[in-house]
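# Topology and contacts: notes
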Amino acid sequence: ARDAAALGLETRTPYLFNPRGDFMFRWDVFVGVCLLYTAVWTPYEIAFHQDWDAADVGVDWSDVLSDALFWVNRVVDAAFVTDIAVTFFLPYYTPDNKLVADHGKIVRNYLYGWFPVDFFAVVPYDLIAYAVETEEAARLKFLRLVRLLRLAKLLRIVRVGRVFRRFEANREINYAALSLHKFSLGILFLAHWMACLFYLVAMSEDRRVNWTTEYFNVYEKNVEPDGTIRPVDKGSLYIASVYWAVATLSTLGYGDVVPETNAERLYSVAATFMGGAVYAYLLGSVCSVITNVDESSNVFYRQMDELNRFMREKGLTQDLRVKLRDYFRFRRNSRAMVEWSNVMHLMSDSLRLDVAEEVFGRWVHSMPIFRDCPKRLPGLLSAHLSSLVLSPHEDLMANPMKRDCLFIVEKGLVAHRGVIQETGALLGVERIYKTTAVGLANACAPAITLSHCVVLCLERD
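Predicted model, so just to flag it, every value in this text is computed and none were measured.

## Here's the deal with helix α17 (residues 318-334)
- Compared with the 24 Å implied by 1.5 Å per residue over 17 residues, the 24 Å span of α17 between its first and last C-alpha is a close match.
- Turning to α17, its buried residues number three or more, namely Arg 321, Tyr 327, Phe 330 and Ser 334.
- Contact partners of the buried residues in α17: α16 (295-314), β3 (386-390), β4 (405-411) and β9 (453-459).

## Digging into unusual backbone geometry
- For Asn 217, which is not glycine, the phi dihedral falls at a positive 50 degrees.
- Among the secondary structure elements, Asn 217 is positioned in the loop between α12 (211-215) and α13 (218-221).
- Positive phi outside glycine occurs at His 393, with the angle close to 70 degrees.
- The class of His 393 is exposed, set by a relative accessible area of 65%.

## Quick notes on the nonpolar core
- Core analysis: the biggest nonpolar cluster contains 43 residues, and Phe 48, Phe 80, Met 194, Tyr 199, Trp 211 and Trp 244 have the highest contact counts within it.
- Only α2 (22-48), α4 (68-87), α11 (175-205), α14 (234-249) and α15 (262-292) provide two or more residues apiece to this core.
- Ranked by residue count, the leading element in this core is α2, at 11 residues.
- Counting residues in each nonpolar core, the second largest holds 14 residues, with Leu 396, Ala 425, Cys 453 and Cys 457 among its members.

## Focus: a nonpolar patch on the surface
- A cluster of nonpolar side chains, contributed by Leu 413, Ile 420 and Leu 450, occupies part of the molecular surface with about 250 Å² of accessible area.
- Relative to the helices and strands, Leu 450 is located in the loop between β8 (447-449) and β9.
- By relative accessible area, which is 40% here, Leu 450 ends up partly exposed.

## Considerations on the sheet that holds β3
- Taken together, 4 strands build an open sheet; the order of strands is β3-β9-β4-β7 and the sheet is antiparallel. Two strands bound the open sheet, and with one partner strand each, they are β3 and β7 (426-427).
- Pairing of β3 with β9, which is carried by 5 bridges, proceeds in the antiparallel orientation. Residue pairing for β9: Leu 388 is matched across the bridge by Val 455.
- Helix-sheet contacts for α17 involve β3, β4 and β9, and the interaxial angle to β3 is about 145 degrees.

## Observations regarding the packing of aromatic side chains
- The final tally for this structure, using the stated rule, is 21 aromatic pairs.
- Relative to Tyr 238, the ring of Phe 48 lies with its centre 5.6 Å away and its plane at 85 degrees, an arrangement referred to as edge-to-face. In this pair, Phe 48 is assigned in helix α2 and Tyr 238 in helix α14, connecting sequence segments 190 residues apart.
- Residue Phe 48 is classed as buried on the basis of its relative accessible area, which comes to 2%.
- For the ring pair Phe 198 and Trp 244, a centre distance of 3.8 Å and an interplane angle of 10 degrees mean the geometry is stacked. Remark: Trp 244 occurs in helix α14 and Phe 198 occurs in helix α11; sequence separation between them is 46 residues. Each member of the pair, Phe 198 as well as Trp 244, carries the same accessibility label: buried.
- Every member of this aromatic cluster is reached through a ring pair, and the members are Trp 41, Tyr 44, Phe 48, Tyr 199 and Tyr 238.
- The side chain of Arg 74 reaches across the aromatic face of Phe 70, ending 4.8 Å from its centre.

## What about the side chain of Thr 449?
- Here Thr 449 is to be found in strand β8.
- Note on Thr 449: relative accessible area 0%, which makes it buried.
- Of the polar contacts made by the side chain of Thr 449, one reaches the backbone oxygen of Ser 391; its length is 2.7 Å.
- Contact partners of Thr 449, with chain neighbours within four places excluded, come to Leu 390, Ser 391, Pro 392, His 393, Glu 394, Leu 413 and Val 414.

## Describing the pairing of β4
- The element β4 is extensively covered by neighbouring structure, given that 5 of its 7 residues are classed as buried.
- Relative to β9, β4 runs antiparallel, the two sharing 6 bridges. Bridging from a neighbouring strand, Leu 406 pairs with Leu 458 of β9.
- Direction of pairing for β4 relative to β7: antiparallel, over a ladder of 2 bridges. Across the sheet, Ile 408 pairs through a bridge with Leu 426, a residue of β7.

## Topic: the packing of α11 against α14
- The N-to-C vectors of α11 and α14 enclose an angle of 120 degrees; their axes lie 8 Å apart at closest approach. As summarised for this structure, α11 and α14 are arranged oblique, according to the angle between their axes. In terms of crossing hand, the pair formed by α11 and α14 is right-handed. Mapping the contact onto sequence places Ile 187, Leu 190, Ala 191, His 192, Met 194, Ala 195, Cys 196, Phe 198 and Tyr 199 in α11 and Lys 234, Leu 237, Tyr 238, Ser 241, Val 242, Trp 244, Ala 245, Val 246, Thr 248 and Leu 249 in α14.
- For the contact of α11 with α14, the per-class residue count stands at 15 nonpolar, 3 polar and 1 charged.

Definitions and cut-offs
Each residue is numbered by its place in its chain's sequence as written, counting from 1. Only residues with pLDDT of at least 70 are given local features in this predicted model, and only at 80 or more are side-chain atom pairs given and counted; all residues enter the totals for whole chains, interfaces and linings. Side-chain descriptors were evaluated using all non-hydrogen atoms of the structure, hydrogens and water having been removed beforehand. Secondary structure is summarised from DSSP: a helix means a run of H or I of at least four residues, a strand means a run of E of at least two, and numbering begins at the N terminus for each. Any helix carries an expected span of 1.5 Å times its number of residues minus one. Only protein chains enter the calculation, and the probe is 1.4 Å; a residue is then buried if its accessible area is under 20% of its type maximum, exposed if over 50%, and partly exposed in between. For this analysis, residues touch if any pair of their heavy atoms sits within 4.5 Å. What makes a nonpolar core is a set of buried Ala, Val, Leu, Ile, Met, Phe, Trp, Tyr and Cys residues whose side-chain atoms join them at distances within 4.5 Å. Patch membership requires over 30% relative accessible area and the absence of a salt bridge. Like charges are linked within 9 Å, and nonpolar side chains (Val, Leu, Ile, Met, Phe, Trp, Tyr) within 5 Å. The method behind every accessible area is Shrake-Rupley, applied with a 1.4 Å probe, and residues are considered shielded solely by the protein chains displayed. Here a salt bridge means any side-chain nitrogen of Lys or Arg lying within 4 Å of a carboxyl oxygen belonging to Asp or Glu. Strands are treated as partners if at least two bridges between them are detected by DSSP. Lines fitted to C-alpha atoms define the axes, with helix axes restricted to the stretch in contact, and inter-axis angles between N-to-C directions lie between 0 and 180 degrees. Stacked, edge-to-face and tilted labels apply to pairs of Phe, Tyr and Trp rings (six-membered ring for Trp) whose centres lie within 6.5 Å, assigned for plane angles under 30 degrees, over 60, and everything in between, in that order. Only Lys NZ and Arg CZ are tested; either one counts as a charge over a ring when it is within 6 Å of the ring centre and within 35 degrees of the ring normal. Distance and chemistry together define a polar contact, namely a pair of N or O atoms within 3.5 Å, with one atom able to donate a hydrogen and the other to accept it when in protein, and with adjacent residues in sequence counting only for side-chain atoms on both sides. In this scheme, roughly parallel covers angles under 35 degrees and roughly antiparallel covers those over 145, while 65 to 115 is roughly perpendicular and the rest are oblique. For any pair of crossing helices, the crossing counts as left-handed if the nearer helix is rotated counterclockwise from the farther one by less than a right angle, and right-handed if it is rotated clockwise. Gly is put with the polar residues, along with every residue not named as nonpolar or charged; the nonpolar set is Ala, Val, Leu, Ile, Met, Phe, Trp, Tyr, Cys and Pro, and the charged set is Asp, Glu, Lys and Arg.

Right, here's the structure in full:
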């Protein structure tokens, strides 16, 4: 009920969750951990964490129930079932960013959307495999088919997009760094999945000769004195599979891990095509991201190149060149509001007022002349504040373009009327009134910058 009230909308049921509330944030983090577990462990468990060559068929439930991984899987299954239930009570946003909080529409949207995929992904296929593990099923190869159906758990990963959309609305994200991490994790997960599937294809065929027997030469090196074949340990098998997957993805293909059956060859062909496409896409995308990872630095370097060419062509003195370079560097490091003008202009009028009040409101509230003003006035005035970046030894009051402005020192030091004015100092208050000749004279008293400064300007009109 509290979450429903936080939506600020009248709903037909009080049991709706706030998609941007604290509960959903914590729940998304938990679901994200479960998704990571599924993406990493499920393919390995299906391919390597079972004995494909076991002669005995049947389930020893005492061993199953004493296995910690069995209960971890049950917890993860329960988490995804619960997430399905939560989604039935979770308002959603339309493509035009309209929040839909009508419970009937929420249910219909989910039933006709992602529900079939989510339901198919939460079916406990491992429990079904335990239930049908009989000698007759093993003879009909039905047991191997049921084991392969557990790969459907990977469909849970499609939830990542929905979880991330809610997460990015609540938290600050560096999208350039996110892109690099996404590509890095993507290639790692893809190599992991390809490695597991490569081994799974070999085991699913149940052939005497496959890539594992030939690569490890088991029929010569692993023969025991009694004639039995000693199995290769799972760690070595996984490392060999990952080695093949990375070589295939990178389009190197050393050729020492060779597919031996038609199914293995077909899978290798598909993996090679996919590896080439992924490699080309990642190479181009990563280069683009690295180029644009610090766009402000690239813009600054271009500006400095243009400035140097300008100073060289116009033959400016060395002292003035140094002064200009120092000014541009300070302007970049100060990040005055003029640098954010493009972002501010993309906002609606209401949002622009809220941002201006958040950024500049404390300066306006600190002015004695606005202390008893209406509550909304500081926010309105904040929207009209602009930034001015100055170099040392400039007379702020002598600026002809800012003759009727009140100034607030945001950064730097200014000497005015024999006093060094620091951050937060108000300059030119008399300009707001301009009623007497004495006021005009005082308003024109010099204000000399002692360092690089950023001042906020509020025009009289």
